[in-house]
Amino acid sequence: MADLPVLATRDAYLALCNELIEHDRRYYVEAAPTIADVEYDRMVVRLRATEAAHPDWVVAWSPTRRVGHEPLSGFVKVVRSVPMLSLDNTYTEDDLRAFHERVRKGLDGDEPVYSIELKIDGFGIELTYVGGELTVAATRGDGTTGEDVTANVRTIRAIPQRLREQVDLVVRGEIYMAKDVFARMNAERVAAGEEPFKNPRNTAAGSIKLLDPREVARRPMSAILYEVVDGERVASGHLASLDVIRRLGIPTSSENQRATGWDALAAAVVAWTDRRDALPFEVDGLVIKVDSFEQRGALGSTSKFPRWAIAYKFPARQVTTLVKEIELNIGRTGAVTPVAILEPVEVSGTTVQRVSLHNWDQVARLDIGDGDRVLIEKAGEIIPQVLGVTARAATPRWTAPAVCPSCGAALEREEDKVVLACTNRLGCPAQRLAAVEFFAGRGLMNIDGLGEKIVAQLLDAGLVADVADLFVLTAEQLEKLDRFAEQSAKNLVDSIAQSKTKATFARLLAALGIAHVGGVVARPIATRYRSLSNLLAAADASTSDELVAQLTEMEGVGEVIARAVDRFVRDPHARAVMDKLIARGVDPEEPVTAPATGPLAGKTLVVTGTLSVPRGEIQARIEAAGGKIGGSVTKKTDYLVAGADTGKTKLDAAAKHGVPVIDEAGLQALLT
Ligand code: IVH
């Protein structure tokens, strides 16, 4: 994508800062963005380029200044004049009704107007704005003394660093991590071999207290503000004060509800108890607040809680149920995982009937058996977990099996791990099913229409025993099976054939399911050997130690990975399958990227201005000749290829760093 030129004046720079802030507001406060993410990103690139060219223009509230560059050594204490109180909790409708009656009595029988709000399960925060600019963000701490976490809070894009008016304001609210962000982060952590986080709340709380703001920036969080300190300065009522701060650019909840009378409170409790799971973030209850600041003043506070507000906590998400039996689940790598099959039970809105026990150490710890009653909950409201046994039945306790329940082969405990695995690899029917399903998956061989059920059907019918068998399937064979018609049979055969031509060696290698070899590790190996047949030939021509030595020469391939590859290519079963794949034409060449040869090998070129053909085409020619494309002109740039109307900034930068400026004819001369 073409870079937009560096801005020419400071006014234009300030205008772009303000424009980006306005887009943040539309996105985070209004939830109604008016531009696409790529456009936004382009504007940020332009802002960064301008700031690099004119460091003296940069303002502290620039959208690029959200991430500091230095880790902190600790957090400074912040002492506040208005303490951050917490709320009294209620758990039943009766207790809530008692609160309502207390309030009415305190107001001499007047009927209060309430604000009913979500109780966001995050991390409490107080933001101070002076002259419209964010100066301090502090944690709750003990209420009076909190910690200054401003540098970390600046990384949260939902929190404006500058308001739309130059006002002084102190607001309180909650920082949280959305459920989908949490799930994505955990998936990435698991894929990278890291321990997953427990739940979104702990993750948000832990992240805000990290000492390195750059690490905080990698954990996307959001915020909702729900109280204006000394709110009577801006409005006579609480909800009106939230409207004021929202207009200033501060994110508030769109679910706050104005209500009067007991029936409205009771109805909200019922409605939200059902709806809470549909929200994009976790809530653990409702907060009911008297709206009028005058009435709040009349009601006052105890030393701990205000008398004008209360939290209603939703019922616990823990339930008990009976264990029917244990199921042994065999994964692609042979790991045998215990799964408890339960008497179906509702937990936070969904029916749970199976729950993974993860490993055999956990089974031993729980001391669990058929017929036991167990306490379960949804961790992070997503994955159900067994917390413990509440009543044991007079049945034998579960212990680890000695042999694979699918093929009867011996099980081995993986080194340093609590995982038990079947050693029979592709000889084991259960591993075969998992392996074929994995092979066909997204980002690997990408075979559309080959999900678990169909794979199981193909294995049961004896049409497929391993991944190589997929490539000799015919539409006639498939048509005879349940669930297949003429068209669907043809479609599957077509998508299998397509996968063969579309795959790269790297994807094929990752699809084989070698331990430790995912998409990233597969790439250097694929680049080195170029095809599966070459890799096997290299294995045949060397000893294990020699092959391992060859593999570990590559960046990103360590001893453990190299040994796993070596073991796989020498495993008789795996080797037979790979030979069959090659014989059936599944031996894709790894495409060549940026050869180190070519006339421009090792050179970095920046292309700019209007040229006779689209810029992308010129860049492709440079890459084909071994060159690299640079984004901006630096001392590392070898040539600036300048078309018509090249910007002054690029030419100045080239002059400054002594980079030769060439035109298209000059480039042509370099290419030939
Ligand atoms: S108002 C004096 N409103 O719940 C009133 N709190 O113990 C102060 N919370 O520490 C809090 N959502 O961190 C309020 N809509 C909401 C809230 C909320 C979550 C948290 C807050 C507070 C705790 C209550």
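Cut-offs used in this document
- Residues numbered from 1 in each chain as written.
- Predicted model: local features only at pLDDT ≥ 70, side-chain atom pairs only at ≥ 80, totals over all residues.
- Heavy atoms only, no water.
- Phe/Tyr/Trp six-rings, centres within 6.5 Å; stacked < 30°, edge-to-face > 60°.
- Helix = DSSP H or I, 4+ residues; strand = E, 2+ residues; numbered from the N terminus.
- Buried < 20%, exposed > 50% of the residue type's maximum accessible area, 1.4 Å probe, protein only.
- Lys NZ or Arg CZ within 6 Å of the ring centre and 35° of its normal.
- Pairing = 2+ DSSP bridges.
- Contact = heavy atoms within 4.5 Å.
- Axes fitted to C-alpha atoms, helices over the stretch in contact; angles between N-to-C directions.
- Salt bridge = Lys/Arg side-chain N within 4 Å of Asp/Glu carboxyl O.
- Core = buried A, V, L, I, M, F, W, Y, C linked by side-chain atoms within 4.5 Å.
- 1 Å grid on protein atoms, 1.4 Å probe; cavity = no way out; pocket = protein on both sides within 12 Å on 5 of 7 lines; lining within 4 Å.
- Points joined across faces, edges and corners; volume = space filled by probe spheres on them.
- Nonpolar A, V, L, I, M, F, W, Y, C, P; charged D, E, K, R; others polar.
- Near = heavy atom within 4 Å.
- Polar contact = N/O pair within 3.5 Å; in protein donor to acceptor, adjacent residues only side chain to side chain.
- Lys, Arg positive; Asp, Glu negative; His and termini not counted.
- Right-handed = clockwise from strand over helix to strand, strands pointing away.
- Parallel < 35°, antiparallel > 145°, perpendicular 65-115°, else oblique.
- Left-handed = near helix turned anticlockwise from the far one by under 90°.
- Arc of directions from axis to C-beta.

Asker: Which residues make up the packing of aromatic side chains, and what values do they have?
Answerer: All told, the structure shown has 6 aromatic pairs when counted by the stated rule. Plain terms: the ring middles of Phe-99 and Tyr-114 are 6.3 Å apart, the flat faces sit at 40° to each other, and that makes the pair tilted. Note that Phe-99 is positioned in helix H3 (residues 93–106) and Tyr-114 in strand S3 (residues 113–120), a separation of 15 residues in sequence. This pair shows no difference in class: Phe-99 is buried, exactly as Tyr-114 is. Pairing Tyr-312 with Phe-314 gives two aromatic rings, centres 6.2 Å apart and planes at 85°, and the pair type is edge-to-face. Of the residues examined, Tyr-312 reaches a relative accessible area of 6% and is grouped as buried. One residue, Arg-275, lies across the ring of Trp-272, its end atom 4.2 Å from the ring centre. Over the ring of Phe-438 we find Arg-332, and its NZ or CZ is 3.7 Å from the ring centre.

Asker: Which residues make up the sheet that holds strand S11 (residues 309–313), and what values do they have?
Answerer: The strands making up a sheet associate through hydrogen bonds between their backbones, and the pairing can be parallel or antiparallel. One open sheet accounts for 5 strands, arranged S2-S11-S10-S3-S9; its pairing is mixed. Edge positions in the open sheet fall to strand S2 (89–90) and strand S9 (257–260), since each of these has one partner strand only. Bridge analysis of S2 against S11 gives 2 bridges, and the strand direction is parallel. Following the sheet pairing, Thr-90 is matched in S11 by Tyr-312. Against the sheet, H3 makes contact with S2, S3, strand S10 (283–290) and S11, and its axis sits at roughly 170° relative to S11, the strand it touches most. The sheet contacts of helix H8 (residues 238–247) involve S3, S9 and S10, and relative to S3 the element is tilted by about 55°.

Asker: Account for unusual backbone geometry, with residues named and values stated.
Answerer: Of note in this structure, Ala-31 is not a glycine but carries a positive phi near 55°. Here Ala-31 lies in the loop between helix H1 (10–28) and helix H2 (37–53). Taking relative accessible area as the criterion, Ala-31 reaches 63% and is therefore assigned exposed. The phi torsion at Asp-230 lies on the positive side, around 55°, for a residue other than glycine. Assignment of secondary structure puts Asp-230 in the loop between strand S8 (222–228) and H8.

Asker: So, the pattern of salt bridges: which residues are in play, and what are the values?
Answerer: Counted by the stated rule, this structure contains 39 salt bridges. A salt bridge links Arg-65 to Glu-51, with the nearest nitrogen and oxygen atoms 3.0 Å apart. One end of the pair, Arg-65, is in the loop between H2 and strand S1 (77–79); the other, Glu-51, is in helix H2, with 14 residues separating them in the sequence. On the basis of relative accessibility, which here comes to 39%, the residue Arg-65 falls in the partly exposed class. A residue is classified by how much of its surface remains accessible, and Glu-51, at 6% relative accessible area, is buried. Overlapping salt bridges bring together Glu-22, Arg-25, Arg-26, Glu-30 and Arg-164 as one network.

Asker: A description of the environment of Gln-550 should follow, citing residues and the corresponding values.
Answerer: Assignment of secondary structure puts Gln-550 in helix H19 (residues 544–552). The sequence separation of Gln-550 and Ala-562 amounts to 12 residues, and the corresponding C-alpha distance is 8.7 Å. Ignoring any residue separated from it by four or fewer positions in sequence, one finds Gln-550 in contact with Arg-528, Tyr-529 and Ala-538.

Asker: How would you summarise the nonpolar core if you had to cite specific residues and measurements?
Answerer: Phe-439 and Leu-470 are the most contacted members of the largest nonpolar core, which totals 60 residues. In contact with Leu-470, other than residues within four places in its own chain, are Val-436, Phe-439, Ile-447, Leu-450, Leu-458, Val-464 and Ile-496. Of all hydrophobic cores here, the second largest spans 34 residues; its members include Val-149, Ala-205, Ala-223 and Leu-239.

Asker: Could you give an account of empty space enclosed by the protein, with specific residues and numbers?
Answerer: Per the counting criterion, the structure on display carries 2 cavities of 30 Å³ or more. In terms of lining, the largest cavity is formed by 17 residues, of which the most central are Ile-21, Asp-24, Pro-160, Gln-161 and Arg-162. In the lining of the largest cavity, the residues fall into 9 nonpolar, 2 polar and 6 charged.

Asker: Kindly report on the site of the ligand, identifying the contributing residues and their values.
Answerer: Taken together, 14 residues sit near the ligand, with Glu-117, Ile-120, Glu-174, Tyr-226 and Lys-289 positioned nearest. Leu-87 is positioned such that a nitrogen or oxygen atom in its backbone is 3.1 Å from an oxygen atom of the ligand. Within the residue set of the shell around the ligand, elements represented by two or more residues are S3 and S10. For the shell around the ligand, the leading source of residues is S3, giving 4 residues.

Asker: Describe the side chain of Asp-466, naming the residues involved and giving the relevant values.
Answerer: In this fold, Asp-466 is placed in the loop between helix H13 (452–460) and helix H14 (475–479). Using a relative accessible area of 10% as the deciding quantity, one classes Asp-466 as buried. In terms of polar contacts, Asp-466 uses its side chain to reach the backbone amide nitrogen of Ala-468, at 2.9 Å. Side-chain polar atoms of Asp-466 contact the side chain of Lys-580, separated by 2.8 Å. With residues up to four places along the chain from it excluded, the contact list for Asp-466 reads Arg-432, Val-436, Val-577 and Lys-580.

Asker: So what's going on with the side chain of Glu-590? Residues and values would help.
Answerer: Position of Glu-590 among the secondary structure elements: in the loop between helix H21 (572–583) and strand S19 (604–608). No salt bridge is formed by the buried Glu-590; its nearest oppositely charged neighbour, Arg-523, is found at 5.9 Å. Only 2.8 Å separates the side chain of Glu-590 from the backbone nitrogen of Ala-506, close enough to count as a polar contact. Other than its neighbours up to four places away in sequence, Glu-590 contacts Thr-504, Phe-505, Ala-506, Ala-526, Thr-527 and Arg-530.

Asker: Tell me about the pairing of S19, and please be specific about residues and values.
Answerer: S19 sits mainly inside the fold: 5 of its 5 residues count as buried. Of the two faces of S19, both are covered, the one formed by Thr-604, Val-606 and Thr-608 as well as the one formed by Leu-605 and Val-607. Across 2 bridges, S19 lies against strand S20 (residues 628–629) in parallel orientation. Bridged to Thr-604 within S20 is Lys-628. Handedness of the crossover joining S19 and S20 through helix H22 (residues 615–624): right-handed. As judged from the 4 bridges shared by S19 and strand S21 (residues 639–642), these two strands associate in the parallel manner. Directly across from Thr-608, in S21, lies its bridge partner Ala-642.

Asker: Any details on the packing of H19 against helix H20 (residues 559–570)? Residues and values, ideally.
Answerer: Interhelical geometry of H19 versus H20 gives an angle of 135° and a closest axis separation of 9 Å. On the basis of the axis angle, H19 is oblique to H20. For the crossing formed where H19 meets H20, the hand is right-handed. For the pair H19 and H20, the contacting residues are Ser-544, Asp-545, Leu-547, Val-548, Leu-551 and Thr-552 in the first and Glu-559, Ala-562, Arg-563, Val-565, Asp-566, Val-569 and Arg-570 in the second. Its residues assigned to classes, the contact of H19 with H20 comprises 6 nonpolar, 2 polar and 5 charged.

Asker: Account for H8, with residues named and values stated.
Answerer: Listing the buried residues of H8 in full gives His-238, Leu-239, Ser-241, Leu-242 and Ile-245. In an axial view of H8, the angular spread of the buried residues amounts to 155°, which keeps them on one side of the axis. At the exit of H8 stands Gly-249, carrying a positive phi of roughly 110°.

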